[in-house]
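Summary of structural features
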Amino acid sequence: MTGSVNTMDATFEQGLLLGILIGEGHFGGDGKQPQITLRMHTRHQKLFETLLRLCPGSKLYGPYNHGGRRYFQWMARGEVLRETLLPLLDRLPLEDIDEHVYERYQDMKVRYGL
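All chains use their own residue numbering, which begins from 1 and follows the written sequence. For a predicted model such as this one, the threshold for reporting local features is a pLDDT of at least 70, and the threshold for listing and counting side-chain atom pairs is 80 or more; totals across whole chains, interfaces and linings nevertheless cover every residue. Side-chain measures here rest on the full set of heavy atoms in the structure, leaving out hydrogens and waters.

1. So, the nonpolar core
How we decide: Take the buried Ala, Val, Leu, Ile, Met, Phe, Trp, Tyr and Cys residues and link them wherever side-chain atoms come within 4.5 Å; each set so joined is a nonpolar core. Burial classes follow relative accessibility: with a 1.4 Å probe on protein chains only, a residue under 20% of its type's maximum area counts as buried, one over 50% as exposed, and anything between as partly exposed. A run of H or I in DSSP counts as a helix once it spans at least four residues, and a run of E counts as a strand once it spans at least two, with each numbered from the N terminus. Whether two residues are in contact is decided by their heavy atoms, any of which lying within 4.5 Å being enough.
Among the nonpolar cores identified, the biggest contains 27 residues, and L17, I36, W74 and L85 are the most heavily contacted of them. At the level of elements, helix 1 (2-24), strand 2 (34-41), helix 2 (45-54), strand 4 (69-77), helix 3 (78-91) and helix 5 (99-111) are the ones that each hand at least two residues to this core. Per-element accounting of this core gives the leading share, 6 residues, to helix 3. If we ignore the near neighbours within four places in the chain, the residues touching I36 are L21, H26, F27, W74, M75, A76, L81, L85, L89 and M108.

Shown next, in the form of structure tokens:
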């Protein structure tokens with residue numbers, strides 16, 4: 001039973017991570033290295049803390065105040081991007097889920113030779 005709960009927890013956490021990235025993530029880079037960026041209001045701080053736990057090596061910046069908006073910015077690049085997120089995203093039928101996200105993701109991979 002404990003194994004089932006752990007598997008369920010892992011499945012849920014993976015789904016949560018991928019859902020947030022598909023819905024809110026930006027797939028790009030800084031011209032030198034690829035990165036996935038997520039920018040959301042500070043009211044989502046606990047969600048960002050969860051992302052940091054699920055993706056050790058990712059970074060959280062902020063809070064920032066800009067244009068009347070208060071937000072955090074989460075980034076995954078380097079090893080956490082290559083070793084954790086790319087394999088998860090590559091296993092998804094992303095083209096069937098969201099063509100726009102699929103195109104942005106593929107563009108990042110081509111532009112940065114991933």
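More follows now that the structure is in view.
2. Quick look at the pattern of salt bridges
Our working rule: Think of a salt bridge as a Lys or Arg side-chain nitrogen and an Asp or Glu carboxyl oxygen that are within 4 Å of each other.
Here the structure, examined in full by the defined rule, presents 3 salt bridges. Between K109 and D90 there is a salt bridge, with the nearest N and O atoms lying 2.8 Å from each other. Taken together, the residues span a long stretch of sequence, with K109 in helix 5 and D90 in helix 3 at a distance of 19 residues. By relative accessible area, K109 is classed as buried at 14%. Notably, a salt bridge pairs D107 with R111, separated by 2.2 Å at the nearest N-O pair. Remark: R111 and D107 occur in helix 5; sequence separation between them is 4 residues, near one turn of the helix. The exposure class of D107 is partly exposed, given its relative accessible area of 38%. Looking at R111, the relative accessible area reads 47%, which means it is partly exposed.

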